Amino acid sequence: MIIENIMSPEQARMLSPLQFTYVGDAVHSLIVREYLLGKNLQVKKMHRMSVQAVCAVHQNQILEKIIPLLSEEETAIAKRGRNAHAHHGGPKGATVSEYAGATGLEALIGYLFLTGNTERLNQLSPHLLPED
């Protein structure tokens, strides 16, 4: 049921980058949590690793690392997300620039998910995971 309502790229482009981010945040968290379940760790350790992997500072680092791997379209989506301004303050422990980069990464993840591009998400997933 989750992936039944896949949008065309044209339909998805009608959404705001912050809507992509809203979905991308949840998808990134799910990717990380699924990965950590396979590690056979205690829940407390999985939670700590998950929080670290989806924090703004780490997400910004991921975006900087994967930018060369992205297509023009993917780069444009990430930049739209990075340039979008949420109407709330950024998280503690992250600069405005890091928070913007994190928003760009989440926008890209959300866009790929909403357009049903799970193959591309799977290709990028190794970069989205916590470091052991």
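Our subject in this report is the structure included herewith. (Residues numbered from 1 in each chain as written. Predicted model: local features only at pLDDT ≥ 70, side-chain atom pairs only at ≥ 80, totals over all residues. Heavy atoms only, no water.)

**Considering the overall build of the chain**
Note the cut-off: Think of it this way: any DSSP run of H or I at least four residues long counts as a helix, any run of E at least two long counts as a strand, and we number them from the N terminus. Between buried and exposed lies partly exposed: a residue is buried under 20% and exposed over 50% of the maximum accessible area for its type, with that area taken using a 1.4 Å probe on protein chains only.
Regarding its fold elements, the chain presents seven helices and zero strands. In sequence order, the secondary structure elements of the chain are arranged as α-α-α-α-α-α-α. Across its three principal directions, the C-alpha atoms of the chain cover 45 × 35 × 25 Å. Expressed as a percentage of its 132 residues, the buried residues of the chain come to 40%.

**Digging into the pattern of salt bridges**
Where we set the bar: Throughout this description, the term salt bridge denotes a Lys or Arg side-chain nitrogen within 4 Å of a carboxyl oxygen of Asp or Glu.
For the coordinates displayed, the defined rule picks out two salt bridges. The residue Glu 73 makes a salt bridge to Arg 13 at a minimum N-O spacing of 3.0 Å. Here Glu 73, found in helix H5 (residues 72–83), pairs with Arg 13, found in helix H1 (residues 9–13); they are 60 residues apart in sequence, far enough to count as distant. Relative accessible area serves as the criterion here: at 35%, Glu 73 is assigned to the partly exposed category.

**Quick look at the nonpolar core**
This is how the line gets drawn: In plain words, nonpolar cores are sets of buried Ala, Val, Leu, Ile, Met, Phe, Trp, Tyr and Cys residues tied together by side-chain atoms within 4.5 Å. In this analysis, two residues are considered to be in contact whenever any of their non-hydrogen atoms come within 4.5 Å of each other.
Formed by 23 residues in total, the largest nonpolar core has its most connected members in Phe 20, Ile 66, Leu 105, Leu 108 and Leu 121. Contributions of two or more residues to this core are made by helix H2 (17–37), helix H4 (56–66), H5, helix H6 (96–114) and helix H7 (118–128). Residue contributions to this core peak at eight residues, all from H6. In contact with Leu 105, not counting residues within four places along its chain, are His 28, Gln 59, Ile 62, Leu 63, Ile 66 and Leu 128.

**Structural notes on the environment of Ser 8**
Examined against the element boundaries, Ser 8 turns out to sit in the segment before H1. Relative accessible area serves as the criterion here: at 23%, Ser 8 is assigned to the partly exposed category. Distance in space between the C-alpha atoms of Ser 8 and Gly 116 is 8.3 Å, their sequence separation being 108 residues.

**Things to note about the environment of Phe 113**
With respect to the secondary-structure elements, Phe 113 resides in helix H6. Residue classification places Phe 113 among the buried positions, given a relative accessible area of 17%. Sequence separation between Phe 113 and Phe 20 is 93 residues; the distance between their C-alpha atoms is 8.9 Å.

**Some words on unusual backbone geometry**
A positive phi angle is found at Asn 40, which is not glycine, with a value near 55°. Mapped onto the elements, Asn 40 comes out in the loop between H2 and helix H3 (43–53).

**A look at the packing of H2 against H3**
Which entries qualify depends on this criterion: The axes are straight lines fitted to the C-alpha atoms, using for helices just the contacting stretch, and the angles between their N-to-C directions are given from 0 to 180°. Crossing handedness is defined as follows: a turn of the near helix away from the far one that is anticlockwise and smaller than a right angle gives a left-handed crossing, while the clockwise case is right-handed. Any residue that is not Ala, Val, Leu, Ile, Met, Phe, Trp, Tyr, Cys, Pro, Asp, Glu, Lys or Arg is counted as polar, Gly included; the first ten are nonpolar and the last four charged.
Where H2 contacts H3, the axes come no closer than 10 Å and their chain directions differ by 145°. In this structure, H2 crosses over H3, and the sense of that crossing is right-handed. The segment H2 lies against H3, with His 28, Val 32, Arg 33, Leu 36 and Leu 37 engaging Met 46, Met 49, Ser 50 and Ala 53. A breakdown of the residues in the contact of H2 with H3 according to their chemical character gives six nonpolar, two polar and one charged.

What is shown is where atoms sit, not what they do.
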